[in-house]
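These are the residues of each chain, in order.
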Amino acid sequence: MKNVLLIDRQVRIRYLSPTCAGTVHDKKIADSSPYELPVNSLLLQDLGFLAFSLEGVTTWTPHRKPRGGTLTDEQKADNRRLSYSWVPIEHVNSSVKWCRMLKDPIRLHRPGSRDQIMDIGCSLHNFRIRLSPWLPMR
């Protein structure tokens, strides 16, 4: 199962996409998700969203190594800066998965139950952040 999360600078989850099958591509989920970001905001995204963009939003995507080539030193430094900024996002993903039901196979087949379980995991993360805030993203 797969979801797309939108996380703000205070590492709170602001948007949770509907749950999709694991075979659905990340960009397809993002394209079908109706959310907007403020103008002039920065969106960090991984290579699964390579051609995804929103109007008025700056996207920061890592550089891919060309086939049979190498990255320039500037591109490597840019990827390093992006990976440094990516750490809090990965911490949010692990915080959501503290709820063990999200890690184990879900055998509930009632419509909407998987969305509800993911919603509970994201809500618990936001609740934990409100009780003891982490350092905001750089």
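Structure first, text after, so check above.
Residues numbered from 1 in each chain as written. Predicted model: local features only at pLDDT ≥ 70, side-chain atom pairs only at ≥ 80, totals over all residues. Heavy atoms only, no water.

### Some thoughts on the overall build of the protein
Counting its secondary structure elements, the protein contains 3 helices and 4 strands. Written out in order from the N terminus, the α and β elements of the protein read β-β-α-β-β-α-α. By principal-axis analysis of the C-alpha atoms, the protein measures approximately 50 × 35 × 30 Å. At a minimum sequence separation of 6, the contacts of the protein that also span at least 24 residues come to 40%. Of the roughly 9600 Å² that the protein leaves accessible, carbon and sulfur atoms contribute 55%. (Helix = DSSP H or I, 4+ residues; strand = E, 2+ residues; numbered from the N terminus. Contact = heavy atoms within 4.5 Å. Areas by Shrake-Rupley, 256 points an atom, 1.4 Å probe, with all protein chains shown as cover.)

### Some details on the side chain of Ser33
As for its placement among the helices and strands, Ser33 is situated in the loop between α1 (26–32) and β3 (42–44). Assessed through its relative accessible area of 9%, Ser33 is described here as buried. Of note is the side chain of Ser33, whose polar atom sits 2.7 Å from the backbone oxygen of Ile29. In this structure, Ser33 is in contact with Tyr15 and Ser17, ignoring residues within four places of it in sequence. (Buried < 20%, exposed > 50% of the residue type's maximum accessible area, 1.4 Å probe, protein only. Polar contact = N/O pair within 3.5 Å; in protein donor to acceptor, adjacent residues only side chain to side chain.)

### Overview of the nonpolar core
Counting residues in each nonpolar core, the largest one holds 15 residues, and the members touching the most others are Ile13, Val92, Val96 and Leu102. For this core, the elements supplying multiple residues, two or more each, are α2 (73–96) and α3 (113–131). Of all the elements, α2 adds the most residues to this core, at 5 residues. Dropping the residues within four chain positions of it, Leu102 is found in contact with Val96, Lys97, Ile117, Met118 and Gly121. (Core = buried A, V, L, I, M, F, W, Y, C linked by side-chain atoms within 4.5 Å.)

### Describing α3
Given a rise of 1.5 Å per residue, 19 residues ought to cover 27 Å, and the 27 Å separating the end C-alpha atoms of α3 matches this to within 8%. In this structure, the buried side of α3 is in contact with β1 (5–7), β2 (13–16) and α2. (Expected span 1.5 Å × (residues − 1).)

### Observations regarding the pairing of β2
Relative to β2, β1 is paired through 3 bridges, and the arrangement is antiparallel. In the strand pairing of β2, Leu5 is matched with Leu16. The hairpin turn running from β1 into β2, its antiparallel successor, is 5 residues long, and Val11 in that turn takes a positive phi close to 55°. (Pairing = 2+ DSSP bridges.)

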